[in-house]
Amino acid sequence: MALALPATAQTRAAVGTTHRPYIPPTRQPYSSTARDATPLHCAQYRNHPNPGMVRYCEGLEHTLLQSEAQRQGKPAPSRSVIALPALGTPEAKELGYACVSGRALKRLSNGWEQVSATEGGWQRCEGG
């Protein structure tokens with residue numbers, strides 16, 4: 001008379017894991033406006049002896065940003081730079097507009113929206 005007892009320790013055959021090939025992350029293109037929408041900081045030339053220095057710097061900056069946006073297939077920034085309060089300040093909450101990393105944002109009921117400039121592109125700003 002043979003008794004069949006259930007096995008208490010199950011053995012599992014080694015199942016090979018499928019190795020997926022490593023796909024390195026794609027390198028993002030350089031963005032001079034990643035931290036600030038005014039990368040050349042033309043306001044530093046306001047007290048320059050040559051009165052046209054600020055306009056010259058702003059022209060260079062606009063050309064730089066336009067060509068970079070065109071190469072990357074992104075919307076171009078505006079030529080104008082407006083002053084807005086920083087995000088989270090009482091002025092921004094009251095106004096409904098804020099400046100975040102050089103980009104003007106408008107308050108919506110469910111979040112924020114990037115502002116388009118009247119001359120085209122996204123509106124650049126200072127103050128946030």
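All values derive from a computational prediction rather than experimental measurement. (Residues numbered from 1 in each chain as written. Predicted model: local features only at pLDDT ≥ 70, side-chain atom pairs only at ≥ 80, totals over all residues. Heavy atoms only, no water.)

## Details of the overall build of the protein
Okay, so step 1: Within the protein one finds two helices and five strands.
Okay, so step 2: Secondary structure elements of the protein occur, N-terminal to C-terminal, as α-β-α-β-β-β-β.
Okay, so step 3: Here the protein holds 128 residues, and the buried ones make up 24% of them.
Okay, so step 4: Within the protein, counting contacts between residues at least 6 apart in sequence, those at least 24 apart form 44% of the total.
Okay, so step 5: On the protein, roughly 10200 Å² of surface is accessible, and the fraction owed to carbon and sulfur atoms is 55%. (Helix = DSSP H or I, 4+ residues; strand = E, 2+ residues; numbered from the N terminus. Buried < 20%, exposed > 50% of the residue type's maximum accessible area, 1.4 Å probe, protein only. Contact = heavy atoms within 4.5 Å. Areas by Shrake-Rupley, 256 points an atom, 1.4 Å probe, with all protein chains shown as cover.)

## Details of the pattern of salt bridges
Okay, so step 1: Across all of its chains, the model carries two salt bridges by this definition.
Okay, so step 2: Note that Glu-58 is salt-bridged to Arg-46, the shortest N-O span being 3.9 Å. In this pair, Glu-58 is assigned in helix 1 (residues 53–72) and Arg-46 in the segment before helix 1, connecting sequence segments 12 residues apart.
Okay, so step 3: On the accessibility criterion, Arg-46 (54% relative accessible area) is exposed. (Salt bridge = Lys/Arg side-chain N within 4 Å of Asp/Glu carboxyl O.)

## Considering the packing of aromatic side chains
Okay, so step 1: For the structure shown, the criterion picks out zero aromatic pairs.
Okay, so step 2: The ring centre of Trp-122 lies 4.4 Å from the NZ or CZ of Arg-103, which sits over that ring. (Phe/Tyr/Trp six-rings, centres within 6.5 Å; stacked < 30°, edge-to-face > 60°. Lys NZ or Arg CZ within 6 Å of the ring centre and 35° of its normal.)

## Quick notes on the environment of Asp-36
Okay, so step 1: Inspection of the secondary structure assignment puts Asp-36 in the segment before helix 1.
Okay, so step 2: Its relative accessible area of 24% is what places Asp-36 among the partly exposed residues.
Okay, so step 3: Dropping the residues within four chain positions of it, Asp-36 is found in contact with His-41 and Ser-101.

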